[in-house]
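Okay, here's what each chain looks like letter by letter:
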Amino acid sequence: WPQDNAIIASGLARYGFKKEALRVLNGLFEASTFMELNRLPELFCGFHKRSDLEGPTLYPVACSPQAWAAAGAYLLLEACMGITIQPAERMVEFVAPQLPDLVDWVELTNLRVGKCLVDLRLRRDGDEIKVDVLRTDDDVTIRVRK
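Note that the coordinates shown come from a computational prediction; the quantities given were computed from them, not determined experimentally.

Reading the values: the criteria
Residues numbered from 1 in each chain as written. Predicted model: local features only at pLDDT ≥ 70, side-chain atom pairs only at ≥ 80, totals over all residues. Heavy atoms only, no water. Helix = DSSP H or I, 4+ residues; strand = E, 2+ residues; numbered from the N terminus. Buried < 20%, exposed > 50% of the residue type's maximum accessible area, 1.4 Å probe, protein only. Pairing = 2+ DSSP bridges. Axes fitted to C-alpha atoms, helices over the stretch in contact; angles between N-to-C directions.

Student: Break down the environment of Glu20 for me, with residues and values.
Tutor: Note that Glu20 resides in helix H2 (residues 18-32). Judged by its relative accessible area of 38%, Glu20 falls in the partly exposed class. A C-alpha to C-alpha distance of 9.9 Å links Glu20 and Ser10, two positions 10 residues apart in sequence.

Right under this line is the structure:
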């Protein structure tokens with residue numbers, strides 16, 4: 001159940017266990033590479049001992065693609081980036097942002113912060129994740145807390 005794993009990982013990240021949340025994200029990403037068009041189904045299973053050439057075992061009546069499974073990917077990314085948006089204060093905050101191992105950068109475009117729009121790029125810079133403001137149509141505060 002990708003969506004359930006995303007909720008669990010979101011809770012892990014909220015309590016400071018970002019590496020564990022990233023492990024869930026990386027695992028679901030890896031599983032998606034075995035799926036048609038990389039779309040996660042409603043549910044699938046795997047076994048502890050498997051070969052690198054074998055993917056997850058598909059459940060024959062699971063819906064695929066499944067909207068809530070797809071939404072789980074965004075919750076996972078949000079949790080790992082540690083992003084919160086405070087529209088009244090026109091602020092975007094990142095708390096200890098992390099990116100999955102296979103991703104060096106992520107762009108967030110047309111991110112609505114109250115009545116403002118912002119484009120941001122999170123990028124890997126050594127062991128750190130930097131946040132670059134690409135565009136804003138008004139005064140928006142971007143805060144990054146380690």
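Still more to cover.
Student: Could you give an account of the sheet that holds strand E3 (residues 83-86), naming the residues involved and the relevant values?
Tutor: Within a sheet, neighbouring strands are paired by backbone hydrogen bonds and run either parallel or antiparallel to one another. Ordered by their spatial adjacency, 3 strands build an open sheet running E3-E4-E8, and the pairing between neighbours is mixed. What marks the edges here is a single partner per strand, and that holds for E3 and strand E8 (141-145). On average, each strand axis in the sheet is inclined to that of its neighbour by 15°, with strand direction left out of account. Bridge count for E3 against strand E4 (residues 91-95) is 4 bridges, and the pairing is antiparallel. Counted as the bridge partner of Thr84 is Glu93 from E4.

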